[in-house]
Structure formats: structure tokens, C-alpha cells
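Geometric and topological summary
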Amino acid sequence: MTQRFTDEFAEAVLGVVESIPAGSVMSYGDIAAAIGSRAPRAVGAVMATGGSDAPWWRVVRADGRPAQGLEAEALRRLRAEGAPLSPSGERVAMRLARHRP
DNA sequence: ACGGTGACTAACC
DNA sequence: CGGTTAGCCACCG
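The rules behind these values
- Once a new chain begins, its residue numbering starts again from 1 and follows that chain's sequence as written.
- As a convention, the first chain written is A and the first ligand written is 1, with the rest following in written order.
- Whole-chain, interface and lining totals are the exception, using all residues; otherwise, since this is a predicted model, local features are given only for residues with pLDDT of at least 70 and side-chain atom pairs are given and counted only at 80 or more.
- Processing note: side-chain calculations cover all non-hydrogen atoms of the structure and skip hydrogens and water entirely.
- The cutoff for a nearby residue is simple: one of its non-hydrogen atoms must lie within 4 Å of the molecule or strand.
- Polar contact is the term for a pair of N or O atoms within 3.5 Å; when the atoms are in protein, one must be able to donate a hydrogen and the other to accept it, and sequence-neighboring residues count only if both atoms are side-chain atoms.
- Burial here depends on accessible area, computed with a 1.4 Å probe over protein chains only, as a share of the maximum for the residue type. Under 20% is buried, over 50% is exposed, and the range in between is partly exposed.
- By the criteria applied, helices consist of DSSP H or I runs no shorter than four residues and strands consist of E runs no shorter than two, each listed in order from the N terminus.
- Along the arc lie the directions from the helix axis toward the C-beta atoms.
- The contact criterion used is simple: two residues touch if any of their non-hydrogen atoms lie within 4.5 Å.
- When a carboxyl oxygen of Asp or Glu is within 4 Å of a side-chain nitrogen of Lys or Arg, the pair counts as a salt bridge.
- To form a nonpolar core, buried Ala, Val, Leu, Ile, Met, Phe, Trp, Tyr and Cys residues must be joined to one another through side-chain atoms within 4.5 Å.

With that out of the way, let us pick up the protein's contact with DNA strand C. Near DNA strand C, the surroundings consist of Asp7, Phe9, Ser37, Arg38, Ala39, Arg41 and Ala42. Among atoms of DNA strand C positioned within 4 Å of the protein, sugar and phosphate together represent 83%. Here a phosphate oxygen of DNA strand C and a side-chain polar atom of Asp7 are 3.3 Å apart.

Written out as C-alpha cells, the structure is:
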């Protein structure tokens, strides 16, 4: 571990992210709601800061599109996991892939 | 204390 | 379907 997360928020976010099973995904909003927050943007900030060690590719936007700037990489990994993708292949089929705890 | 900012979202047109 | 707009909350200088 390279970083220690003293912030409860960041700790909670990463905990949820690591609980997402392969082949499934959660939106930033889903994660925020899962920890009783309404700050999907803050979730994104945590991921941008210390999400490198977590399965960040399983965290996508509400419309099923992966994080801005990492779309190609994320989609590659998601496909490898067998996550259901849209016919176009550029976004995740949220209806099928969404993980609900 | 304050305002700007962001790996966001939902509502509208 | 797609482009815009306003709303939200946590973090940082």
C-alpha cells in the first residue's frame, strides 16, 4: 500500500469498489448512494487519487460509459471479464451489468 | 470562512 | 438520439 486513507469517505468508496464482482459494474452515483452520500463527483475524485489499486474499470458513468480518458482500457478489461456491453461495444449494458448490494 | 473545481447526474429541449 | 443546463457534495488553496 502506497497510500493510507485517513478520510472515511475515501475508505468507504474504495471498500465498495473492491466489492464489485467481476463482470459487474457500479456507477459513481450508485457507489455514493451505497455509502449514504450524494456526491458522485467526490467518488470520482477518490478514484482519480487512489483508485489505481482498486478495480477502477468496474466503476462507470450512469450511462454505462467508462471514466473519461480511460474508456479504451476499461472496456478492454470489462470485455475480458465478460461484462455485458452495448451492441456498439462502447458502453456497458447497465441494465444487465449493474451490481446492486 | 469562501469560492473554485471535478474519473458525476438528472432533467430539458 | 444528442447537446445544454442546473444541481450536488467533498476537497483544496
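Residues spaced three or four apart along an α-helix point in a common direction, a consequence of the helix completing one turn every 3.6 residues. Among all positions in helix α1 (residues 8-18), only Ala10, Val13, Leu14, Val16 and Val17 are buried. Around the axis of α1, the buried residues are gathered within 160 degrees of arc, so they sit on the same side. Residues of α1 that are exposed and point more than 90 degrees away from the buried face comprise Glu8 and Glu18. In this fold, the buried residues of α1 make contact with β1 (26-27), α2 (28-34), α3 (40-50) and β2 (59-60).

Tracing the chain through its elements places Gly29 in helix α2. Linking Gly29 and Ser19, residues 10 residues apart in sequence, is a C-alpha distance of 16 Å.

This part covers the pattern of salt bridges. Opposite charge on two side chains makes pairing possible when the charged atoms of those side chains draw close. Across all of its chains, the model carries 5 salt bridges by this definition. For Asp30, the salt bridge identified is with Arg98, shortest N-O distance 3.2 Å. You can see Asp30 sitting in helix α2 and its partner Arg98 sitting in the segment after α5 (94-97), a full 68 residues away along the chain. What makes Asp30 buried here is its relative accessible area of 17%. As a salt-bridge pair, Arg58 and Glu81 come within 2.7 Å of each other at their nearest N and O atoms.

What follows concerns the side chain of Ser27. Within the secondary structure, Ser27 is located in strand β1. With a relative accessible area of 4%, Ser27 lands in the buried category. There is a polar contact of 3.0 Å between the side chain of Ser27 and the backbone nitrogen of Asp30. Non-local contacts of Ser27, meaning those with residues more than four positions away in its chain, are made with Val60, Arg61, Ala62 and Met94.

Turning to the nonpolar core, a few remarks are in order. Proteins that are soluble and globular tend to have nonpolar side chains buried together. Of all hydrophobic cores here, the largest spans 26 residues; its most connected members are Ile31 and Met47. Listed by contribution, the elements that provide at least two residues to this core are α1, α2, α3, β2, α4 (71-81) and α5. Ranked by residue count, the leading element in this core is α1, at 5 residues. Among residues more than four places away in sequence, those in contact with Met47 are Val13, Leu14, Val17, Tyr28, Ser52, Trp56 and Val59.

That's the geometry; what it means functionally is another story.
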